[in-house]
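# Results of the structural survey
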Amino acid sequence: MMKTVTCTAPVNIAVIKYWGKRDETLILPLNDSISFTLSQDEMCAKTTISISPTFKEDKFWLNGKEESLENPRIQNCLKEVRRRASKRKHESGVEGTLNWHIHICSKNNFPTAAGLASSAAGYACLVYALGQVYGIEGDLSSVARQGSGSACRSIYGGLVQWYKGEEDDGTDSVAQSIAPPEHFPDLRVVICVANDGRKKTGSTIGMRRTVLTSRLMQYRIQESVISRTAAMKKAIKEKDWSKFCDLTMADSNEMHAVCQDTSPPCVYMNDTSHTVAALIHQYNDVKTTSGNVNHKVCYTFDAGPNACLFVPGAVVGELLGLLMRAFPPSPTQNTDTYITGIPIQPTDLTRELKSLAEEDGQPTGKLKYLIHTKIGDGPRDLTGSSTSLLDLSTGLPK
Ligand code: DP6
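About the cut-offs
- Residues numbered from 1 in each chain as written.
- Predicted model: local features only at pLDDT ≥ 70, side-chain atom pairs only at ≥ 80, totals over all residues.
- Helix = DSSP H or I, 4+ residues; strand = E, 2+ residues; numbered from the N terminus.
- Rg over C-alpha atoms; globule rule 2.2 N^0.38 Å.
- Buried ≥ 20, exposed ≤ 12 C-beta atoms within 10 Å, placed from the backbone.
- Contact = placed C-beta atoms within 7 Å.
- Core = buried A, V, L, I, M, F, W, Y, C linked by C-beta atoms within 7 Å.
- Domains from an automatic or database assignment.
- UniProt positions renumbered as here; feature names shortened; annotations may be inferred.
- Axes fitted to C-alpha atoms, helices over the stretch in contact; angles between N-to-C directions.
- Parallel < 35°, antiparallel > 145°, perpendicular 65-115°, else oblique.
- Left-handed = near helix turned anticlockwise from the far one by under 90°.
- Pairing = 2+ DSSP bridges.
- Near = placed C-beta within 6 Å.
- Nonpolar A, V, L, I, M, F, W, Y, C, P; charged D, E, K, R; others polar.
- Expected span 1.5 Å × (residues − 1).
- Bend = angle between axes of the 7 residues up to and from the residue.

Further remarks concern the overall build of the protein. Within the protein, the secondary structure is distributed over eleven helices and 17 strands. Taken against the 2.2 N^0.38 rule, which gives 21 Å for 398 residues, the C-alpha radius of gyration of the protein at 22 Å falls within 12% of a compact globule. Projected onto its principal axes, the C-alpha coordinates of the protein cover approximately 70 × 45 × 40 Å. The 398 residues of the protein split such that 48% are buried. In the protein, the share of contacts with a sequence separation of at least 24, taken over all contacts with a separation of at least 6, comes to 76%.

A separate point is the nonpolar core. Grouped together as the largest cluster of nonpolar side chains are 107 residues, with contacts concentrated most on Ala124, Val127, Val190, Cys192, Tyr299 and Leu309. Each of domain 1 (3–180) and domain 2 (187–374) contributes no fewer than three residues to this core. The contacts of Ala124, once residues within four sequence positions are left out, are Ala9, Ala144, Ala151, Ser154, Ile155 and Pro379.

Along the chain, Lys239 falls in the loop between helix H6 (215–237) and helix H7 (241–260). The sequence separation of Lys239 and His183 amounts to 56 residues, and the corresponding C-alpha distance is 7.9 Å.

Using the residue numbers shown here, the UniProt feature "domain: Mvd1 C-terminal" (unreviewed entry) corresponds to residues 189–380. Within the segment residues 189–380, helix and strand shares are 51% and 15% respectively, and the terminal C-alpha atoms sit 21 Å apart.

At their nearest, the axes of helix H1 (residues 72–86) and helix H3 (residues 119–133) sit 10 Å apart, and the two run at 25° to each other. Between H1 and H3, the crossing angle belongs to the class labelled roughly parallel. For the pair H1 and H3, the crossing hand works out as right-handed. Taking contact as the criterion, the partners of Cys77, Leu78 and Val81 in H1 are, on H3, Tyr123, Leu126, Val127, Leu130 and Gly131.

What follows concerns the sheet that holds strand S12 (residues 187–194). Reading across the sheet, the five strands line up as S13-S14-S12-S16-S15 and stay open at both edges, with mixed pairing between neighbours. In the strand order of this sheet, the two ends are held by strand S13 (298–301) and strand S15 (339–341), each with one partner. Mean inter-strand twist for the sheet, computed between neighbouring axes without regard to direction, equals 25°. Pairing of S15 with strand S16 (residues 367–374), which is carried by three bridges, proceeds in the parallel orientation. Paired with Ile339 across the bridge in S16 is Leu370. Of the strands in this sheet, S12, strand S14 (307–312), S15 and S16 are in contact with helix H9 (residues 316–326), which crosses S12 at around 15°.

Glancing now at the site of the ligand. Near the ligand, the surroundings consist of 15 residues, among which Ala14, Tyr18, Ser148, Gly149 and Ser150 are the closest. Among the residues making up the shell around the ligand, the classes are represented as six nonpolar, seven polar and two charged. Shared between two domains, the shell around the ligand holds at least three residues of each, these being domain 1 (3–180) and domain 2 (187–374).

With that settled, the discussion passes to H6. Compared with an ideal rise of 1.5 Å per residue, which puts 23 residues at 33 Å, H6 spans 32 Å between its outermost C-alpha atoms and is within 8% of the ideal. If you look at H6, its biggest bend is around 45°, right at Ile221. Turning to H6, its buried residues are Met217, Arg220, Ile221, Val225, Arg228, Thr229, Met232 and Ile236. Buried-residue contacts for H6 involve strand S2 (12–16), strand S5 (33–37), strand S10 (159–162), strand S11 (175–179), helix H5 (203–213) and H7. Taken from the residues just after H6, Lys239 is the one with a positive phi, measuring 50°.

In this section: the domain arrangement of the protein. Assigned domains of the protein: these are domain 1 (3–180) and domain 2 (187–374). Look at where the C-alpha atoms of domain 1 and domain 2 centre, and you get two points 27 Å apart. Between domain 1 and domain 2, the residue contacts involve 22 residues of the former and 27 residues of the latter. Of the residues in the side of domain 1 that touches domain 2, the class split is 14 nonpolar, four polar and four charged.

Time to look at the pairing of strand S9 (residues 101–108). Among the eight residues in S9, seven count as buried, and that is most of the element. When strand S6 (residues 45–52) meets S9, the two strands line up antiparallel, connected through eight bridges. If you follow Ala45 over to S9, its bridge partner there is Asn108. By the bridge criterion, four bridges tie strand S7 (residues 59–62) to S9 in an arrangement that is parallel. Each bridged residue has a counterpart across the sheet, and for Leu62 the counterpart in S9 is Ser106.

Looking at where Asn99 falls in the secondary structure, it is placed in the loop between helix H2 (94–98) and S9. Taking the C-alpha atoms as reference, Asn99 lies 9.3 Å from Ile51; in sequence the two are 48 residues apart.

And the structure:
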């Protein structure tokens, strides 16, 4: 009688940032945002959901630990999926299954200790799996949005836009694919995981505080982010890589500027983050004076110190060589443990790039490691393969 589904969902990285809400409960943003969905081969969330008439209560396990399902964001997602399912209860047996208890088991395949935002992939995966178990058709991004705003963008692959929407009930605040994963061919992503033990203000609290206290935020919302989003869409449509890079860095810097303008300030980037950003600008100067703007690299930072770099495949080996020289791994690491993800050999540097890396040279261990990945597709249904996180006879974690 038990019904089980297993799904995975990707991480996404915004190039036009979501920062600030107009409705905290429905999670409606103050501006549109645009992101890249990352490959699930390197990073993903995985969720198994079982429903059965024999389960005694709802249960939830996250990264190996049993957790309460009372969290209002999870409850909102569950409520919304069940509401949509009940609309088609006249169909084969849906109605009965809506009263069955549910077991949910989720985990991330990347270390939460890395400080990488896992809530987007996590909520996208939960909502996608709920959609599969109850047979929901149509857009699920507006449900995932109610778990965590940025999660709505992980419902689709490639380049994705989250439209802020105009309606008070949030029905038009949805994500949509704006270009497939291969739109910028052979694009790679390098995530620089910084060593940083400071306690950060979570994004929900941070953005609330920015909306309440920052005057610079008024300028962002009323002017700059609107024109930058339009320019970004044009750069994407025209495949203008150089422009895309400039806009991505400008929007990350503006988000961190409004965070700094918040009272008390929300500080997410650290010295290492700023050194990575400076190194990227210097690298781009070398690339553009040699005439190849298609080899430009750009950075973006979320609510933490890790740089996310978008890198044309032709120069990713060189860039990794540069990062390894400017941020040497700790003595206990080798190239393979320092550069994780898609296997790659960093290339030898020209004399010019060597001296550039050495100018900014840092002591070892400033970066924990690098993740080399690429752009990817949306959530996947793995049901039927042997990868379920719940035992198919008991419905308990394996
Ligand atoms: C800096 O989606 O984590 O990553 O909606 O309150 O859960 P809540 O916030 P969240 O915010 C992410 C903010 C960001 C920028 C972005 O992804 O657009």
